[in-house]
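# Descriptive structure summary
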There are 2 protein chains.
Amino acid sequence: MLQFAILGFLYDEALHGYDLRKRIAALTGHIRPIADGTLYPAIRKLADAGLLSRELQPGQVAAPRQMLSLTESGRADLLARLREPDELFVTDENRWFCVLAFLRYLDGDPEAQVAVLRRRLDFLTQPASFFYDGDRPLRAADFDDPFRQGLFTIATATSRTELRWLRETITALGG
Amino acid sequence: MLQFAILGFLYDEALHGYDLRKRIAALTGHIRPIADGTLYPAIRKLADAGLLSRELQPGQVAAPRQMLSLTESGRADLLARLREPDELFVTDENRWFCVLAFLRYLDGDPEAQVAVLRRRLDFLTQPASFFYDGDRPLRAADFDDPFRQGLFTIATATSRTELRWLRETITALGG
DNA sequence: CCGAGATACCTAGACTTCGAGGTATCACGA
DNA sequence: TCGTGATACCTCGAAGTCTAGGTATCTCGG
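In this report, we go over the structure that sits alongside the text. (Residues numbered from 1 in each chain as written. Chains lettered and ligands numbered in written order. Predicted model: local features only at pLDDT ≥ 70, side-chain atom pairs only at ≥ 80, totals over all residues. Heavy atoms only, no water.)

## Focus: the pattern of salt bridges
Residues and elements named next belong to chain A. Considering all chains together, one arrives at 18 salt bridges over all chains under this definition. Where arginine 136 meets aspartate 142, a salt bridge forms, and the shortest distance between an N and an O atom there is 3.5 Å. On the basis of relative accessible area, aspartate 142 is assigned to the partly exposed category, the value being 33%. (Salt bridge = Lys/Arg side-chain N within 4 Å of Asp/Glu carboxyl O. Buried < 20%, exposed > 50% of the residue type's maximum accessible area, 1.4 Å probe, protein only.)

Here it is as structure tokens:
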């Protein structure tokens, strides 16, 4: 998953690890920044496999960096993964859905249920940069290719549906 | 995640491992059955922690089973997790979205792009038992509590949005 | 010039899950 | 009665990620 994302982000441009980390964090609306201890070993692994090359640069802004760029085989690997993403259809680990599946067991305590829904609402309404370009709300048309447009459309629709349901349900439960 | 799901499924009724496996598989439309080598160690761990008890039964259908039931502390643990699901808000690993984010890089080969979308379409349109009770399509009203109703509503809306987008885009790309 | 903060990279141990194997029980048909 | 298939549980090694630490560089304000 992470290695796939790293290859994807490097396809267009060379980046160093810290930038890559910011890209990945921005993708998820800065909600789930990947940990250093996860990212750098993944980079090293890709480098060891010959999929990307590292070039040490003297520090311009701060500490010296390693510019990362895809090798030819890294490029080929990404394209191959895009062509045959069999395993990528499967995993969709949505822990919040797991909470919803069992939240009825707090039935003696509707206030606790409402509190959980309210925290979810707060979480979803904090500005997620996936939906914004700075302060400007994004639209599907802001993306150049139909695939990111679809991604945006699906994510937006899901978010809207959940927000509407959350607000209705919080009201219905007397919150 | 898995341990959470196990506790949730056992809250209402005692089950043995094999049934639990089927419940979890059914939840995901039999698309992602949990592996034995994942499930049984998780059960053992919960048992060691005193959250569930195991009672050996002689084999009625086949091999002898261990009936699993929540202990009082298992019950308390689930309710506590439901009350404070902080970490549960975060992880949402959607590998398919990762594919969509980068699928534009197959731009020299629209047929390969369409093939990927078509496989996704096949995957989404195979009967997922999460949306069906046997052959009968489920509705939100089939669930007793608002939380599973919401889960169903959100999942359905997401699925519908994606299906519409997939069909439109496959057509637009000349597939 | 000195400390704080941002930048940049790294290690180590733990946890969860996966996959590929193994063993044993029972029912049922050929 | 003998195999096959479904049921039921288990072990082990590999892989990916997380958390919690650590080190070093550079800028900038006081």
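So much for the structure itself; the text now carries on.
## Remarks on the interface of chain B and chain A
Taken together, the contact between chain B and chain A spans 58 residues of the former and 58 residues of the latter. Summed over both sides, the interface of chain B with chain A buries roughly 6,200 Å², with 71% coming from carbon and sulfur. Contact with chain A buries surface across chain B, with Phe89, Tyr105 and Phe147 of chain B losing the most and accounting together for 13% of the total. Viewed at the interface, chain A and chain B are joined by four salt bridges. Measuring nitrogen to oxygen at the nearest pair gives 3.9 Å for the salt bridge that ties aspartate 12 of chain A to arginine 104 of chain B. For the interface between chain B and chain A, the tally reads seven residue pairs in polar contact (both at pLDDT 80 or more). For the side of chain B that touches chain A, the elements supplying multiple residues, two or more each, are helix 1 (2–10), helix 4 (72–83), strand 4 (92–94), helix 5 (95–102), helix 6 (110–125) and helix 7 (146–172) of chain B. In terms of residue count, the dominant contributor to the side of chain B that touches chain A is helix 7 of chain B (13 residues). Residues belonging to the side of chain B that touches chain A are distributed by class as follows: 34 nonpolar, nine polar and 15 charged. (Contact = heavy atoms within 4.5 Å. Buried area = accessible area lost by both parts, 1.4 Å probe. Polar contact = N/O pair within 3.5 Å; in protein donor to acceptor, adjacent residues only side chain to side chain. Helix = DSSP H or I, 4+ residues; strand = E, 2+ residues; numbered from the N terminus. Nonpolar A, V, L, I, M, F, W, Y, C, P; charged D, E, K, R; others polar.)

These results come straight from atomic positions and should not be treated as a statement about function.
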